[in-house]
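Working through the structure, step by step
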Amino acid sequence: MIDTRGQIVVAQWPNVWLWIFATASVVEMITNTAGPAGIAAHIVATACLVIWAGDELLRGVNPWRHCLGAAVLIGLTMRVVV
């Protein structure tokens, strides 16, 4: 796909929300998930993933990114519901 500058987008660096999600996920894996640090890391990781997915759904640079954001939001919703 082509971005707003007319260049083809194949891959891009993760934005700040994905970096925070990744960091919080690592902290969650390292710490005891039942402890306060693990719970806080889980909440931060989930919140950042929701923000990232919503941003991709609404402002993604191409249809693939829109679909990726929608798929992640659906997956997170299903994880809560089931």
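Residues numbered from 1 in each chain as written. Predicted model: local features only at pLDDT ≥ 70, side-chain atom pairs only at ≥ 80, totals over all residues. Heavy atoms only, no water.

1. Here we look at the pattern of salt bridges
One side chain can pair with another of opposite charge once the charged atoms of both are near each other. Counting across every chain of the model gives two salt bridges. The closest approach of N and O atoms between Asp55 and Arg59, which form a salt bridge, is 2.5 Å. Linking Asp55 with Arg59, this pair stays in helix α2 (residues 36–59), spanning four residues, or about one helical turn. Between Arg65 and Glu56 there is a salt bridge, with the nearest N and O atoms lying 2.9 Å from each other. The two residues Arg65 and Glu56 agree in class, both being buried. (Salt bridge = Lys/Arg side-chain N within 4 Å of Asp/Glu carboxyl O. Helix = DSSP H or I, 4+ residues; strand = E, 2+ residues; numbered from the N terminus. Buried < 20%, exposed > 50% of the residue type's maximum accessible area, 1.4 Å probe, protein only.)

2. Re the environment of Ala37
Mapped onto the secondary structure, Ala37 falls in helix α2. The exposure class of Ala37 is partly exposed, given its relative accessible area of 44%. Considered as a pair, Ala37 and Ala24 are 13 residues apart in the sequence and their alpha carbons are 9.9 Å apart.

3. So, the packing of α2 against helix α3 (residues 63–81)
Two elements in contact, α2 and α3, have axes whose closest approach is 7 Å; the angle formed by their N-to-C orientations is 145°. Of the two possible hands of crossing, α2 and α3 adopt the one that is left-handed. Along its contact with α2, which presents His42, Thr46, Leu49, Val50, Trp52, Ala53, Gly54, Glu56, Leu57, Leu58 and Arg59, the element α3 presents Arg65, His66, Leu68, Gly69, Ala70, Val72, Leu73, Leu76 and Arg79. A breakdown of the residues in the contact of α2 with α3 according to their chemical character gives 11 nonpolar, five polar and four charged. (Axes fitted to C-alpha atoms, helices over the stretch in contact; angles between N-to-C directions. Left-handed = near helix turned anticlockwise from the far one by under 90°. Contact = heavy atoms within 4.5 Å. Nonpolar A, V, L, I, M, F, W, Y, C, P; charged D, E, K, R; others polar.)

4. Topic: the environment of Trp19
Mapped onto the elements, Trp19 comes out in helix α1 (residues 16–30). The exposure class of Trp19 is partly exposed, given its relative accessible area of 46%. In this structure, the C-alpha to C-alpha distance between Trp19 and Ala45, residues 26 residues apart in sequence, is 9.7 Å. When sequence neighbours within four positions are dropped, the list of residues in contact with Trp19 reads Trp13 and Pro14. At 3.0 Å, the side chain of Trp19 forms a polar contact with the backbone oxygen of Pro14. (Polar contact = N/O pair within 3.5 Å; in protein donor to acceptor, adjacent residues only side chain to side chain.)

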